[in-house]
Amino acid sequence: MQYDLIIRHGLCLFPWGAEETDIGVRNGRIATLDARMTDTAEREIDARHLHVLPGMIDAHVHFRDPGDASIESMASGTRGAALGGITTIFDMPNTTPSITSAEAIADKAARVGASCLVDIGLYVGATRANTPDLAALERLPGVCAVKLFAGSSTGDLMIEDDDGIEAVMRSGHRRIAFHSEDEYRLQARRKLFKTGQPYATHMLWRDEECAFLGTRRIVALARRTNRPAHILHVSTAEELDYLADHREIASCEVLVNHLTQVAPDCYEALGGLAVMNPPIRDRRHYDASWAAIRDGRVDVVSSDHAPHALGAKTRPWPDCPAGLTGVQTLLPVMLDHVAQGRLSLGRLVDLMAAGPARIYGLQTKGRLAVGFDADFTLVDLRERRTIRNEWIASPVGWTPFDGLDVTGWPVATIVRGHVVMQDDEITSPPIGRLARFAP
Ligand code: DOR
Ligand code: ZN
């Protein structure tokens, strides 16, 4: 048999377990899980000593395109993704302008092919004005989900009241992704703190109850409307316990930062470079997040990549904008957690490939199976590296993980059979496309 690509001798992470086998690719799809030694291909990759994962998905990034490509364009953002072993990203709608209309989605979609190195899903932002249109907008090609900010963050997208949120939930039927911090409590507590207080004030302002209150409200509305909700960046022990009782209506995401950094140390070490929404919290929540990863409560792990200029991030609290780079470091940091024994490689694949595919209805991605897209992330579990700012592709040029020693590294990123990164080099022109979602 003749293939376009054969990946030989890798230890492949199938949904049914790990097996050493040779995978054959034809026309951008997986054609066989059992290529023969006599089979030939235009290109062969020797994956001896490597693990072959289904292409890793980062279901939560904020590129700044349109609006501020000097902070993160689709080109630079997907370059970071490819260097970090990510084959598909889902881009948030709080750009300038926001992605809230068919025209804005079409504009963005039209630019994917010319600029993106990996595949892309687009969130459409919910507003009061576009609520009646969401049922149609969520079905446009490439749209991964509606995003609703119930609490304020970067940008001006927000619907904070129950009636407004319920109206969104009654328009359309796909799972809605929520930033669930409670806006009323955020505003009331803001008065308690003064400009220039230590950066750790961030977690006192946006406290556990802001998150828990918000999540309880969203779950209640999801039940009332029978509309599935996806709670983004769950950051408290209380939410994780609560969500375990509501899994038939609510799924959840945990961020790599909440699994890696702990307050108050992170604020002392990083200042504004640790400020994000929802905040990094103390060890109790860190431990609870890991417990929820291990016992299966968490559906998705993502980065919430949200770059801001270094100059802005070093302003005093709360004038430093919230958000950290992360798309490029997500997989290396999670592989290091595997090396430290905090989760298995199989669970990592569940959280960063199968999980996002299941939650968002992503078609033909998220598992190694014949007929699925030939998206692969090849990793070397023994490779030791130090994450450095200089490695970051984002124009902002910083990472909260600068100086972190990790064990485990992506050595190739393959998108629909195109090798876009190999040995830390970008090896392809932009071949990214819109991902496909179930209607
Ligand atoms: O920290 C954050 N940054 N949280 C968000 O919800 C938005 C994001 C951004 O776009 O900067
Ligand atoms: Zn976000």
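Residues numbered from 1 in each chain as written. Chains lettered and ligands numbered in written order. Predicted model: local features only at pLDDT ≥ 70, side-chain atom pairs only at ≥ 80, totals over all residues. Heavy atoms only, no water.

- For the protein chain, an unreviewed UniProt entry supplies the name Dihydroorotase and the organism Acidomonas methanolica NBRC 104435.
- The heading Cofactor (unreviewed entry) in the UniProt record of the protein chain holds the text "Zn(2+)".
- Under the Function (unreviewed entry) heading, UniProt states for the protein chain: "Catalyzes the reversible cyclization of carbamoyl aspartate to dihydroorotate." (UniProt positions renumbered as here; feature names shortened; annotations may be inferred.)

Examining the packing of helix 5 (residues 183–190) against helix 7 (residues 208–225)
- Viewed as axis vectors pointing N to C, helix 5 and helix 7 meet at an angle of 160 degrees, and their least axial separation amounts to 8 Å. Relative to helix 7, the element helix 5 is oriented roughly antiparallel. As helix 5 runs across helix 7, the sense of the crossing is right-handed. Contact residues: Tyr184, Arg185, Leu186 and Arg189 in helix 5; Glu209, Cys210, Leu213 and Arg217 in helix 7.
- Of the residues in the contact of helix 5 with helix 7, the class split is four nonpolar, no polar and four charged. (Axes fitted to C-alpha atoms, helices over the stretch in contact; angles between N-to-C directions. Helix = DSSP H or I, 4+ residues; strand = E, 2+ residues; numbered from the N terminus. Parallel < 35°, antiparallel > 145°, perpendicular 65-115°, else oblique. Left-handed = near helix turned anticlockwise from the far one by under 90°. Contact = heavy atoms within 4.5 Å. Nonpolar A, V, L, I, M, F, W, Y, C, P; charged D, E, K, R; others polar.)

Some points on the pattern of salt bridges
- Enumeration over the complete set of coordinates arrives at 34 salt bridges.
- Between Asp182 and Arg217 there is a salt bridge whose closest N-O contact spans 2.6 Å. Note that Asp182 is positioned in the loop between strand 10 (176–179) and helix 5 and Arg217 in helix 7, a separation of 35 residues in sequence. As far as the burial class goes, Asp182 and Arg217 line up, both buried.
- One salt-bridge network, held together by shared partners, links Asp119, Lys365, Asp373, Asp375, Arg416 and Arg436. (Salt bridge = Lys/Arg side-chain N within 4 Å of Asp/Glu carboxyl O. Buried < 20%, exposed > 50% of the residue type's maximum accessible area, 1.4 Å probe, protein only.)

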